[in-house]
Protein chains: 2
Amino acid sequence: MMVLDAIDKQIINLLRENGKMNNKEVAGKIGLSVTPTFERIKRLERIGVIQGYTALINRKAIGRDLKVICQVSLKSHEKEGIDVFESAIRELPEVSHAYHVAGATDYMLTIEVANMEVYQDFLKNQLARIPHIGQVNSSFVMSELK
Amino acid sequence: MMVLDAIDKQIINLLRENGKMNNKEVAGKIGLSVTPTFERIKRLERIGVIQGYTALINRKAIGRDLKVICQVSLKSHEKEGIDVFESAIRELPEVSHAYHVAGATDYMLTIEVANMEVYQDFLKNQLARIPHIGQVNSSFVMSELK
DNA sequence: CTTGAAAGCCCTGAGGT
DNA sequence: ACCTCAGGGCTTTCAAG
């Protein structure tokens, strides 16, 4: 079912590097003809190994100059508090990624905004208003190595 | 030069949702004909707003079941220590993202490995061997909200 | 910006080893 | 599971308004 052979892995790596690489080129690189290549890619999509394709956007070009990693702890860890917090987070467009983690804090969020002023406003008027929020700790991204 | 109008932003949003959406479909959704749509997309690629395209891969399907967010502080903050650390990190395939941050710690890494055993090995034999490493704090991702 | 057109390439499925 | 081949659609470019 979800068994991937070496060729499937090659395809995945190629499409990760360039999601728009066409069938013919993929076929050439893996040494198969277009039809089995096409069918393998379709299969990978169907079984959910390839979840989709996306354009990589330069965030500064769209006015999101500031990236912040924000660690949040909740005051209560009852199911209700967790559910309320998680659905609130899902609704906030400034939050680009959100993970529930086991460690020193409860959640790890990445947030992208135009500048510090907008971030401050986000903290005060969006994040701090979610019920059950405990501690919040912000780390500001200075450079992206990867 | 890097001036984006409302139509460019629509295009960006469409291609973020589906990087393989074809020209004709993008054109239909933004209400232009194919020629200017094609030229706008090429321009966005040329000026670096669209940095590329990629396939989104289900990491569990490729045997990376464990995602860890790892905060690292350096012992010394001299340029040499920073350079050594950063180039070492860039070479580690387990590290999927790496940010130099201003906050409680110096670096924020996301690491993807098969399981806890492999992570422990990574910590001991890869990360801990980089010179100038100070504190390391791991948070294990239990669920991804976004 | 629009329409229209032309060449070429690619996708996709049929049919066969 | 692989291959070749062919029809039809899409991409890409250009010209003219």
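Residues numbered from 1 in each chain as written. Chains lettered and ligands numbered in written order. Predicted model: local features only at pLDDT ≥ 70, side-chain atom pairs only at ≥ 80, totals over all residues. Heavy atoms only, no water.

Under an unreviewed UniProt entry, chain A has the name Lrp/AsnC family transcriptional regulator and belongs to Fluviicola chungangensis.

Trainee: What is the right way to read the protein's contact with DNA strand D from this model?
Mentor: Near DNA strand D the following residues occur: L32, S33, T35, P36 and R40 of chain A together with N22, N23, K24, T35 and F38 of chain B. Near the protein, within 4 Å, the atoms of DNA strand D are sugar or phosphate in 76% of cases. Note that a phosphate oxygen of DNA strand D is positioned 3.1 Å from one of the backbone N or O atoms of N23 of chain B. For DNA strand D, a phosphate oxygen lies 3.3 Å from a polar atom in the side chain of K24 of chain B. Going through the elements one at a time, α3 (34-46) of chain A together with α2 (23-30) and α3 (34-46) of chain B are the ones with two or more residues in the surface near DNA strand D. At 3 residues, α3 of chain A tops the list of elements feeding residues into the surface near DNA strand D. Grouping the constituent residues of the surface near DNA strand D by class yields 3 nonpolar, 5 polar and 2 charged. (Near = heavy atom within 4 Å. Polar contact = N/O pair within 3.5 Å; in protein donor to acceptor, adjacent residues only side chain to side chain. Helix = DSSP H or I, 4+ residues; strand = E, 2+ residues; numbered from the N terminus. Nonpolar A, V, L, I, M, F, W, Y, C, P; charged D, E, K, R; others polar.)

Trainee: Help me out: how do you make sense of the interface of chain A and chain B in this one?
Mentor: Where interface size is quoted, it is often the accessible area lost as the parts come together. Every contact between the two is made by 52 residues of chain A and, on the other side, 51 residues of chain B. In this assembly, chain A packs against chain B so that about 4,900 Å² is buried in total across both faces, 59% of it on carbon and sulfur atoms. Summed over the three residues of chain A that lose the most area to chain B, namely Y99, L145 and K146 of chain A, the buried surface amounts to 16% of that side. Where chain A packs against chain B, one counts 0 salt bridges. (Contact = heavy atoms within 4.5 Å. Buried area = accessible area lost by both parts, 1.4 Å probe. Salt bridge = Lys/Arg side-chain N within 4 Å of Asp/Glu carboxyl O.)

Trainee: Please explain the protein's contact with DNA strand C as it appears in this structure.
Mentor: The environment of DNA strand C is formed by N22, N23, K24, T35, F38 and K42 of chain A together with L32, S33, T35, P36 and R40 of chain B. Here N23 of chain A contributes a backbone N or O atom positioned 3.0 Å from a phosphate oxygen of DNA strand C. Contacts to DNA strand C include T35 of chain A, whose side-chain N or O atom sits 3.0 Å from a base oxygen. Contributions of two or more residues to the surface near DNA strand C are made by α2 (23-30) and α3 of chain A together with α3 of chain B. Taken together, the residues of the surface near DNA strand C break down into 3 nonpolar, 5 polar and 3 charged.

Trainee: So what exactly am I meant to see when it comes to the environment of A128 of chain B here?
Mentor: Within the element layout of this structure, A128 of chain B appears in the loop between α5 (116-125) and β5 (133-144). A C-alpha to C-alpha distance of 21 Å links A128 of chain B and R64 of chain B, two positions 64 residues apart in sequence.

Trainee: Explain the side chain of R40 of chain A to me, please; I cannot follow it from the model alone.
Mentor: All names here are of chain A. Tracing the backbone through its elements, the reader meets R40 in helix α3. Polar side-chain contacts of R40 include one of 3.1 Å to the side chain of D8. Apart from the residues lying within four places of it in its own chain, the contact partners of R40 are D5, I7, D8, I11 and L32.

Trainee: How do you make sense of the relation of the copies chain A and chain B when you look at a structure like this?
Mentor: Once chain A has been moved 0.1 Å along the axis and rotated by 180 degrees, it coincides with chain B to within an RMSD of 0.1 Å. Here the transformation between the copies is reduced to the relation of a two-fold axis. Nearest to the rotation axis, the C-alpha of T54 of chain A is located 2.8 Å from it, this being the minimum over chain A. (Least-squares fit on C-alpha atoms with pLDDT ≥ 70 in both.)

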